[in-house]
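# Inside the fold
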Amino acid sequence: MTPDSSPDGRLERALACLRGLAVGDALGSQFFVPVNYPLLKRRELPPGPWQWTDDTEMACSVVAVLAAHRRIDQDALAHSFAHHHDFDRGYGPAVNRLLRLVREGGDWRELAAALFDGRGSWGNGAAMRIAPLGAWYADDPEQATHQAEISAYPTHQHREAVVGAMAVSAAAALAAGPGGPPSPEALLDGVIALVPKSAVGAGLRRARDMLDYGDASTVAAVLGCGRRTTAHDTVPFALWSAARSLGDYEQAFWTTAQVGGDVDTTCAIVGGVIAAGKAGTPPASWVEQTEAVPGWVTAVP
Ligand SMILES: [Mg+2]
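In short, a report on the structure. Quantities reported herein were computed from a predicted structural model and do not represent experimental measurements.

### What to know about helix α11 (residues 184–194)
For α11, the complete set of buried residues consists of Leu187, Leu188, Gly190, Val191 and Ile192. In this structure, the buried side of α11 is in contact with α10 (159–175), α12 (199–209) and α14 (235–244).

### A word on the environment of Glu104
As for its position among the elements, Glu104 is in the loop between α5 (93–103) and α6 (108–118). Distance in space between the C-alpha atoms of Glu104 and Ala82 is 9.0 Å, their sequence separation being 22 residues.

### Section: the nonpolar core
In terms of nonpolar packing, the biggest core is built from 99 residues, with Val168, Phe237, Leu239, Trp240, Phe253 and Val273 touching the most fellow members. For this core, the element with the highest residue contribution is α10, accounting for 11 residues. Trp240 has contacts with Leu188, Ala207, Met210, Leu211, Tyr213, Ala216, Val219, Leu223 and Thr255, leaving out every residue within four places of it along the chain.

### Focus on the coordination of the magnesium ion
Taken together, Thr53 (OG1), Asp54 (OD), Asp55 (OD) and Asp264 (OD) make up the protein donors of the magnesium ion, found 2.0 to 2.3 Å from the metal. All donors of the magnesium ion belong to a single chain; written as a sequence motif, their spacing is T-D-D-x208-D. An identical accessibility class is assigned to Asp54 and Asp55; each is buried.

### A word on the side chain of Arg129
In this fold, Arg129 is placed in the loop between α7 (125–128) and α8 (131–136). Side-chain polar atoms of Arg129 contact the backbone oxygen of Ser151, separated by 3.0 Å. At 2.8 Å, the side chain of Arg129 forms a polar contact with the side chain of Thr155. Residues within four places of Arg129 in sequence aside, it is in contact with Leu21, Asp55, Met58, Ala59, Val62, Phe81, Ser151, Ala152, Thr155 and His156.

### Quick notes on the packing of aromatic side chains
Scanning the entire structure with this criterion turns up seven aromatic pairs. On the numbers, 6.0 Å between centres and 55° between planes, the contact of Phe31 with Trp254 is tilted. Residue Phe31 is found in the loop between α1 (7–30) and α2 (37–42), and its partner Trp254 is found in helix α15 (residues 249–258); the two are separated by 223 residues along the sequence. Just as Phe31 is buried, Trp254 falls in that class too. Seen from their ring centres, Tyr249 and Trp286 are 6.1 Å apart, and the 80° between their planes marks the pair as edge-to-face. In this pair, Tyr249 sits in helix α15 while Trp286 sits in helix α17 (residues 284–289), placing the two residues 37 residues apart along the sequence. An identical accessibility class is assigned to Tyr249 and Trp286; each is buried. Through pairs of rings, three or more aromatic residues link up here, namely Phe31, Tyr249, Phe253, Trp254 and Trp286.

### Some details on unusual backbone geometry
Along the chain, Gly48 connects to Pro49 via a cis peptide bond; the corresponding omega equals -5°. Here Pro49 is to be found in the loop between α2 and α3 (54–69). Here Phe116, not a glycine, exhibits a phi torsion of approximately 50°, which is positive. Looking at the element boundaries, Phe116 is found in helix α6. In the Ramachandran plot, Thr229 falls in the positive-phi region, its phi being about 50° despite a non-glycine side chain. Structurally, the position occupied by Thr229 is in the loop between α13 (216–223) and α14. Of the residues examined, Thr229 reaches a relative accessible area of 41% and is grouped as partly exposed.

### Brief notes about the packing of α11 against α12
Contact geometry of α11 with α12 gives a least axis separation of 10 Å together with a crossing angle of 160°. Here α11 lies roughly antiparallel to α12, going by the angle between them. Note that α11 runs across α12; the crossing there is left-handed. Contact with α11, carried on its side by Glu185, Leu188, Asp189, Val191 and Ile192, involves Leu204, Arg205, Ala207 and Arg208 of α12 and no other residues of that element.

What counts as what
Residues numbered from 1 in each chain as written. Predicted model: local features only at pLDDT ≥ 70, side-chain atom pairs only at ≥ 80, totals over all residues. Heavy atoms only, no water. Buried < 20%, exposed > 50% of the residue type's maximum accessible area, 1.4 Å probe, protein only. Helix = DSSP H or I, 4+ residues; strand = E, 2+ residues; numbered from the N terminus. Contact = heavy atoms within 4.5 Å. Core = buried A, V, L, I, M, F, W, Y, C linked by side-chain atoms within 4.5 Å. Donors = N, O, S within 2.8 Å, 3.2 Å for Na, K, Ca; no water. Polar contact = N/O pair within 3.5 Å; in protein donor to acceptor, adjacent residues only side chain to side chain. Phe/Tyr/Trp six-rings, centres within 6.5 Å; stacked < 30°, edge-to-face > 60°. Axes fitted to C-alpha atoms, helices over the stretch in contact; angles between N-to-C directions. Parallel < 35°, antiparallel > 145°, perpendicular 65-115°, else oblique. Left-handed = near helix turned anticlockwise from the far one by under 90°.

Remember, this is a structural readout, not a statement about activity or role.
Printed below as a string of structure tokens:
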């Protein structure tokens, strides 16, 4: 069955995806606390409530802009990121400063272009927030990829960060597409076909070649798992993990979290992609422990 392309149908999918992203982010971030390391080994849940971080806060802005504009509007997105920016949610220092300056009236175009000596940020921040956009465009993966490219620029202008966002959005669109979850090979082949040449693209092709590896930590050692918080060190492994567990949120989460690295972000990406598909809803008890998504997301002006 073709995905519902009415605005309500799109928003419903994007919100379901956002919940999956928030659970991955909030639960994943619990495992930065040393007292919880043994729980992660045993796949046991830490006590709630689990607070989400910058990944979810920015994803809320993506969904809010879609709800209001039905596409990505860069100025609205930059404004929403800046307006809702909470310093205590674990943003990187460059984005913290950028969003403060935008809030004070700065031009995001100039500020984002000037980061890192004019190279722009290649951090994983544009990818971590974008799965709900793919869910919104489940009927059109090409548009999901194109809109993701546009969505990256207000904060991340380096090619790798932009392609990282394109890849995650494409993956979420394909996971939410007609006919149930695609095979792992079909998901990664579909994403690879939609993204331009880049280190992220090269990483995705390596990830495709490693789909039959049984040990996630070996794959993470090759592809990276976000320890450098770059897009190319984060997205290939996250999509490898998502591709292998489409339709099984719990399995996807634990596999991703147990390899370590930038766990809130890898789990936010994986949780979003898995929950974009109808069969990938997180367990209700996990959703209950996770901080609720704020009301402003759907409060269309
Ligand atoms: Mg985070």
